[in-house]
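Residue-level structure breakdown
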Amino acid sequence: MKTVLVVVAHGDDMEFMCAGTVCRWVKEYNFPVYELILTDNRKGTYTLRESEIIGRSKEEAIEAGNVLGLKEVRFGNFIDGELEDIPRKHIRNIIIDMIREIKANIVLSWDPFAAGEDHPDHRVTAMATYEAVSFSSNPNFGTPGLYPPHFVSEAYWFAKKPENALTFVDITESIDKKIEALLKHETQMELTFDSLKLEAETLGIDLSGLANVDRDTRNQIIANAVKDYTAEKGRVPGYKHAEQFRYEKFGMIEMVLGQEIIKPEFPPINA
């Protein structure tokens with residue numbers, strides 16, 4: 001039995017990047033999975049008031065978590081888009097404390113070393129999580145006396161432009177759950193379409209046919225795009241649909257003993 005923690009910046013990060021894999025851990029392995037969303041998503045809209053988007057985003061994240069069977073969705077409540085203004089050690093300690101509280105064995109987050117990440121919240125989340133995983137076993141880090149030190153043995157790092165990411169998880173059987181969870185984030189799906197329309201307008205592309213599409217049509221377009229994306233990820237390992245990660249083990253026990261102790265459920269393709 002392993003416990004899994006997903007650390008993300010925004011409400012839909014997990015669903016876009018790793019929900020199919022999370023679904024497999026829950027359904028096939030019965031692993032408890034927790035999610036920590038660091039920001040309040042207030043910038044995830046072109047049209048809604050801050051008070052409205054913050055409340056709706058939390059509700060949507062909880063609904064998406066229920067679809068995937070998560071044990072808990074927790075919120076850091078930092079201002080969306082402004083994580084870089086928070087001392088990283090403060091964010092790191094929050095993550096360390098949760099790792100210790102739930103005794104996480106596996107952590108997933110944005111890859112701290114992948115190039116081409118444009119969102120500052122993703123970059124801050126990535127490095128704070130990497131440091132938290134590295135030092136959760138050190139009693140001199142985290143909130144003193146709150147929880148005992150705990151060692152994290154594995155991490156799965158995802159990225160928009162992955163590098164050295166040789167773990168491909170077959171999500172063919174969980175792609176529908178991934179999409180169902182993603183579409184629970186109504187506010188983010190609205191943002192996705194608003195962004196698409198603005199991009200088309202700027203480039204002089206006529207997307208007037210999408211100006212007033214209904215919810216079902218919008219969701220079908222998004223679902224098709226996700227399936228195309230995961231199908232491309234699955235091309236290398238020969239899966240119908242896949243998610244891609246840079247897998248990393250932590251600690252020294254395997255080097256000291258000279259044998260494999262930590263066995264990933266989804267090993268890299270070159271393993």
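Above this text is the structure in question.
Quick summary incoming for the structure in this document. (Residues numbered from 1 in each chain as written. Predicted model: local features only at pLDDT ≥ 70, side-chain atom pairs only at ≥ 80, totals over all residues. Heavy atoms only, no water.)

Turning our attention to the state of the cysteines. A complete count under the given rule lists zero disulfides for this structure. The thiol sulfur of Cys18 is not disulfide-bonded, and the nearest other cysteine sulfur, from Cys23, lies at 11 Å. Since its relative accessible area comes to 0%, Cys18 is described here as buried. (Disulfide = S-S within 2.5 Å. Buried < 20%, exposed > 50% of the residue type's maximum accessible area, 1.4 Å probe, protein only.)

Okay, helix H6 (residues 175–183) next. Looking at H6, one finds that the buried residues are Ile175, Lys178, Ile179, Ala181, Leu182 and Leu183. Residues of H6 that are buried make contact with helix H1 (13–17), helix H2 (19–29), helix H3 (50–68), helix H7 (186–203), helix H8 (215–233) and strand E7 (242–249). (Helix = DSSP H or I, 4+ residues; strand = E, 2+ residues; numbered from the N terminus. Contact = heavy atoms within 4.5 Å.)

This part is about the sheet that holds strand E5 (residues 154–158). Each strand in a sheet pairs with its neighbour through backbone hydrogen bonds, running either in the same direction (parallel) or in the opposite one (antiparallel). Strand order in the open sheet made by the seven strands is E3-E2-E1-E4-E5-E7-E6, with mixed pairing throughout. Two strands in the sheet have a free side with no partner beyond their single neighbour: strand E3 (72–78) and strand E6 (167–170). Averaged over all pairs of adjacent strands, the angle between their axes in this sheet comes to 25 degrees, without regard to strand direction. Both E5 and E7 contribute to a ladder of four bridges, which runs antiparallel. Bridge assignment links Glu154 to a residue of E7, and that residue is Lys249. The strands touched by H2 are strand E1 (4–8), strand E2 (33–39), strand E4 (106–110), E5, E6 and E7; relative to E7, the strand with the most contacts, the crossing angle is about 70 degrees. (Pairing = 2+ DSSP bridges. Axes fitted to C-alpha atoms, helices over the stretch in contact; angles between N-to-C directions.)

Moving on to the pattern of salt bridges. Applying the stated criterion to the full structure yields 28 salt bridges. The salt bridge involving Glu232 is made with Arg235; its shortest N-O contact spans 3.2 Å. Looking at Arg235, the relative accessible area reads 56%, which means it is exposed. One salt bridge in this structure joins Glu254 and Lys249, with 3.1 Å as the shortest N-O distance. (Salt bridge = Lys/Arg side-chain N within 4 Å of Asp/Glu carboxyl O.)

As a further point, take unusual backbone geometry. Unusually for a residue other than glycine, Asn77 sits at a positive phi of about 65 degrees. In this fold, Asn77 is placed in strand E3. Given the relative accessible area of 41%, Asn77 is considered partly exposed. Although it is not a glycine, Lys103 adopts a positive phi angle of roughly 60 degrees.

What follows deals with the environment of Thr202. Tracing the chain through its elements places Thr202 in helix H7. Overall, Thr202 belongs to the exposed group, its relative accessible area being 63%. When the C-alpha positions of Thr202 and Val226 are compared, they lie 24 Å apart, and in sequence the two are 24 residues distant.

The subject of this paragraph is the packing of aromatic side chains. Overall, the coordinates contain eleven aromatic pairs when judged by the stated rule. Seen in terms of ring centroids, Tyr29 and Phe31 are 5.4 Å apart; in terms of plane orientation they differ by 40 degrees. Their pairing is tilted. Relative accessible area serves as the criterion here: at 29%, Tyr29 is assigned to the partly exposed category. Judged by its relative accessible area of 7%, Phe31 falls in the buried class. Judged by centre distance (5.6 Å) and plane angle (90 degrees), the rings of Tyr156 and Phe245 are edge-to-face. Here Phe245 lies in strand E7 and Tyr156 lies in strand E5, a separation of 89 residues in the sequence. Like Phe245, Tyr156 is buried. Each member of the aromatic cluster is reached from another via a ring pair, and the members are Trp25, Tyr29, Phe31, Tyr156, Phe245, Tyr247 and Phe266. In this structure, Lys58 is placed above the aromatic ring of Phe75, and the distance from its NZ or CZ to the ring centre is 5.5 Å. (Phe/Tyr/Trp six-rings, centres within 6.5 Å; stacked < 30°, edge-to-face > 60°. Lys NZ or Arg CZ within 6 Å of the ring centre and 35° of its normal.)

Limitation: the analysis is restricted to geometry and does not speak to function.
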